[in-house]
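The residues making up each chain are set out below.
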Amino acid sequence: MSMNSRKFFTNIFKGIAGLALIFSASPGYADEHQVAQILKQLQVHGFLSQGYVKTTGNNFFGHSNNSGSFDFREIGLTASLRPLPRLQLSGQLLHRRAGEGSDGGIRIDFGFLDYNFMNTPAVEFGVRLGRMKHPLGFYNDTRDVPFTRPSILLPQSIYFDRTRNLALASDGALLYGESRTDWGNIAIQAGAAFPQVGDKDTETSIFGNTVPVRGDLKSRLSYLGRITYERPDGRLRLAVSSTQLNVGYSPGQNDIFESGSFRFSPLILSAQYNAERWSVTSEYALRYSRHHGFGNSGLDRSSTGESFYLQGIYRLFPGWEAVLRYDWLFANRKDRNGKKFAAASGYPAHSQYAKDLTIGLRWNITPSIMLSTEYHRVNGTAWLSPLDNPDINDTKKNWNLFAAQISYRF
Amino acid sequence: MLFFADSALSSDNAVEVVTHPGTNVKQYLSRNLLRSVFSMRLRTWQNGIPIRVFVLPDDAPLHSIFSKKKLNLFPYQLRSAWDRLVYSGTGQAPFVVHSEEEMHTKIATTPGSIGYLSRARIDGSVQVIHVNE
């Protein structure tokens, strides 16, 4: 069932994209001048970054402990074409290397068609079909573009890089609308889509890394939504966003797991205030997750995690920005200090929380070249990747992370 | 010293919003409408012509003055709004020109265009748009 619906969305996307191109670019309808006009609407942007991470105690983005790691690279190419004012086709290719969790390769980060049914000064309404980044919080839609982040690493309590792919992007349909008035703009996005599940990262987020997984994960219909309010001058921005991501499992031969299902439903509240010299941003999340029907009492349970950060940015001089942030994450809000978990599992209690104090400095050398650096003092390991730190008992409770990154864009 | 911006040319009249003379928009536009235009949310003028937005680079003093005086937005807010659109695929970026001469030429010759110029550069080949509070 889910495969059929998935094909259905994919075929719709291909069909409409094809029609749009024929309609807009075929010589039967348009002369060369018009084709040239359409190609003028093609915009290509890109970015390229190289990072360095050095940690004490644990690994982050590769073998960063003590020796330091250059295993953090982001390369993206973004293109958009607007053959008609109402129609936009957009896509982004992404190469990302960040330790064992993201080991390179090129993937389609997003690729979709956007049709704008209505766009007046007061109201906008449209639909998007294809692969879209989840509209989650303030940063998820552009999380791999260094220039859009307040720091090298996004606050890991909400935008964890540990197991990121499930909550990253989905294939489906999304409706969007915006109302613009003198007292502010309200934008709504809501959709249904199939998340991406075919990778090691998602497998680890569902089963952990201690047992071999013999079966296959199945993408199931999932739901996305975000409401944003913005004052006309953009000083105040507020958002509520949520997803309900559904994943099924078909067991393999001699599997210890039955055909269960996994659900992940984060609810994120976001607020930002922007002044000339400073900005304050805060986000709070409740992250509900549930394993059901795997026939394994250790796995079949539900819990709610909790995330929060408070971040201040100060613009020191033109082009220079300092960031200060306190970020905390609890894997289970009913066991914040991890003691119950430790008693039941024998694993360290500090794997159930992470409190991260970050201070950073960023220099926009030119509008297209940026140099950034930051220091994290972390208590707890809840957002460490088990792929970079295979032995949980070997992790250190208190650790430090230093990162530097140079980024270019065009 | 160009410290956050506007000391050198700080009179409100130093910068004006300009459009292609054939764009045929009203001579007075509301500040909110201009914000929708320059933050790349509005795609066409009322008569259906696609809007073409031209801006100077982020660190150009005139860009900062325009952004603050005409839109009451800080340049970094415009930059974040554009980046959110471009890198999520939900919109397009404005065209960046590298001098006021280039801005003048583009506005005068591109139907549907809108941008800004310092008052001294304005002549009959572009149309000045006044901002309603």
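Residues numbered from 1 in each chain as written. Chains lettered and ligands numbered in written order. Predicted model: local features only at pLDDT ≥ 70, side-chain atom pairs only at ≥ 80, totals over all residues. Heavy atoms only, no water.

### Focus on the overall build of chain B
Part 1: Check the secondary structure of chain B and you find four helices and six strands.
Part 2: Of the regular secondary structure in chain B, the N- to C-terminal order runs β-β-α-β-α-α-β-α-β-β.
Part 3: Each of the 133 residues in chain B was classed as buried or not, and the buried ones make up 58%.
Part 4: Considering only contacts in chain B between residues 6 or more positions apart, those separated by 24 or more positions represent 71%.
Part 5: Carbon and sulfur atoms make up 53% of the accessible area of chain B, which totals about 5,500 Å². (Helix = DSSP H or I, 4+ residues; strand = E, 2+ residues; numbered from the N terminus. Buried < 20%, exposed > 50% of the residue type's maximum accessible area, 1.4 Å probe, protein only. Contact = heavy atoms within 4.5 Å. Areas by Shrake-Rupley, 256 points an atom, 1.4 Å probe, with all protein chains shown as cover.)

### Considering the packing of helix α2 (residues 61-70) of chain B against helix α3 (residues 75-88) of chain B
What describes two packed helices is the angle between their axes and the distance between those same axes.
Residue and element names in this part refer to chain B.
Part 1: In contact at an axis separation of 8 Å, α2 and α3 are set at 90° when each is read in the N-to-C sense. Accordingly, the angle class assigned to the pair α2 and α3 is roughly perpendicular. Only P75, L78 and W82 of α3 make contact with α2, whose side of the interface consists of H63, S64, S67 and K68.
Part 2: Among the residues making up the contact of α2 with α3, the classes are represented as three nonpolar, three polar and one charged. (Axes fitted to C-alpha atoms, helices over the stretch in contact; angles between N-to-C directions. Parallel < 35°, antiparallel > 145°, perpendicular 65-115°, else oblique. Nonpolar A, V, L, I, M, F, W, Y, C, P; charged D, E, K, R; others polar.)

### Side note on unusual backbone geometry
All names here are of chain A.
Part 1: One non-glycine residue with positive phi stands out, namely N66, at about 65°.
Part 2: Within the element layout of this structure, N66 appears in the loop between β1 (43-56) and β2 (69-84).
Part 3: Owing to a relative accessible area of 48%, N66 belongs among the partly exposed residues under this scheme.
Part 4: For N254, which is not glycine, the phi dihedral falls at a positive 50°.

### Topic: the sheet that holds strand β4 (residues 95-96) of chain B
All names here are of chain B.
Part 1: Read from one edge to the other, the open sheet built from six strands follows the order β2-β6-β1-β5-β3-β4, with strand pairing classed as mixed. Sheet topology places β2 (28-30) and β4 at the edges, where each strand pairs with a single neighbour.
Part 2: The pairing of strand β3 (residues 52-55) with β4 spans two bridges and is classified as parallel. Paired with F54 across the two strands is F95, which belongs to β4.
Part 3: In the packing of α2 onto the sheet, contacts are made with β1 (15-19), β3, β5 (113-118) and β6 (127-132), and the angle to β1 comes to roughly 90°. (Pairing = 2+ DSSP bridges.)

### Quick word on the interface of chain A and chain B
Part 1: In this assembly, 54 residues from chain A lie in contact with 33 residues from chain B.
Part 2: Across the interface of chain A and chain B, roughly 3,700 Å² is buried in total on both sides, 49% from carbon and sulfur atoms.
Part 3: Of all residues in chain A, Q43, R82 and E276 of chain A bury the most surface against chain B, accounting for 15% of the area lost on that side.
Part 4: Along the contact surface separating chain A from chain B lie five salt bridges. (Buried area = accessible area lost by both parts, 1.4 Å probe. Salt bridge = Lys/Arg side-chain N within 4 Å of Asp/Glu carboxyl O.)

### Details of the pairing of strand β15 (residues 369-380) of chain A
Residue and element names in this part refer to chain A.
Part 1: Summarising the sheet, strand β14 (residues 353-366) and β15 pair through twelve bridges and their orientation is antiparallel. In the sheet register, L361 faces β15, and the bridge partner there is T373.
Part 2: Where β14 folds back on β15, the antiparallel hairpin that results is connected by two residues.
Part 3: Pairing of β15 with strand β16 (residues 398-409) involves eleven bridges; the strand directions are antiparallel. For Y375, the partnering residue across the bridge sits in β16 and is F402.

### Notes on the confidence of the model for chain A
Part 1: Of the residues in chain A, 91% have a pLDDT of 70 or more, and the chain-wide mean is 89.
Part 2: Taken together, the stretch residues 1-5 of chain A has pLDDT below 50 and engages in three contacts with residues farther than four places along the chain or on a different chain. (pLDDT = per-residue confidence, 0-100.)

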